[in-house]
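# Topology and contacts: notes
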Amino acid sequence: MTALFADIKGSTELMEDLDPEEARAVIDPALHLMIEAVRRYDGYVVQSTGDGIFALFGAPVAHEDHPQRALYAALRMQEEMSRYSAKVVADGGMPIEARVGVNTGEVVVRSITTGAGQTEYTPIGHTTNLASRMQAVAPTGSIAISEQTRKFVEG
């Protein structure tokens, strides 16, 4: 499975001078772009973190090319975020930039059925932790991938 973490860099500073409704009007479209990029490549959004997302590729829907799908989604996120940021800046706002981290490896996926009858999937293991760390160290506007992911997508 491939884990992807993405967040909006500097969202706290971005929202400092805005009231909560204004901040939401800026952040929500960015989150929507991230989620749509994941869905386009058959990824599963595990969680929205307020200013970012956590997504899986290869589980719960299996795809042999899940590392490639995750990277295509990450590239699309960055392209769409760049377009969105240009629009926000043109409207007088601050630039909005994302950073993405991706890692591929084995996990155990726990499924929980909620009270509403929906099934939620949560991966457990080092793979997701490393993907989160990759995102945290990724330079703004970039995608950081682990060596394991690189091996799967090389060529």
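Presented here is a report on the structure given in the accompanying data block. These numbers come from a predicted model, not from an experiment.

## Section: unusual backbone geometry
Residue Pro60 follows Ala59 across a cis peptide bond; omega there is 0 degrees. Relative to the elements of secondary structure, Pro60 occurs in the loop between β3 (52–57) and α3 (66–90). Unusually for a residue other than glycine, Asp42 sits at a positive phi of about 60 degrees. Assignment of secondary structure puts Asp42 in the loop between α2 (20–40) and β2 (44–48). What makes Asp42 partly exposed here is its relative accessible area of 39%.

## Re α2
End to end, α2 covers 29 Å across 21 residues, agreeing with the expected 30 Å (1.5 Å per residue, within 8%). Every buried residue of α2 is accounted for by Ala23, Val26, Ile27, Ala30, Leu31, Met34, Ile35, Ala37 and Val38.

## Digging into the packing of aromatic side chains
Across all of its chains, the model carries two aromatic pairs by this definition. Pairing Phe5 with Phe54 gives two aromatic rings, centres 4.3 Å apart and planes at 5 degrees, and the pair type is stacked. Separated by 49 residues along the polypeptide, Phe5 in strand β1 (residues 2–9) and Phe54 in strand β3 bring together distant segments of the chain. Using a relative accessible area of 15% as the deciding quantity, one classes Phe5 as buried. Residue Phe54 is classed as buried on the basis of its relative accessible area of 7%.

Procedures and definitions
- Residues numbered from 1 in each chain as written.
- Predicted model: local features only at pLDDT ≥ 70, side-chain atom pairs only at ≥ 80, totals over all residues.
- Heavy atoms only, no water.
- Helix = DSSP H or I, 4+ residues; strand = E, 2+ residues; numbered from the N terminus.
- Buried < 20%, exposed > 50% of the residue type's maximum accessible area, 1.4 Å probe, protein only.
- Expected span 1.5 Å × (residues − 1).
- Phe/Tyr/Trp six-rings, centres within 6.5 Å; stacked < 30°, edge-to-face > 60°.

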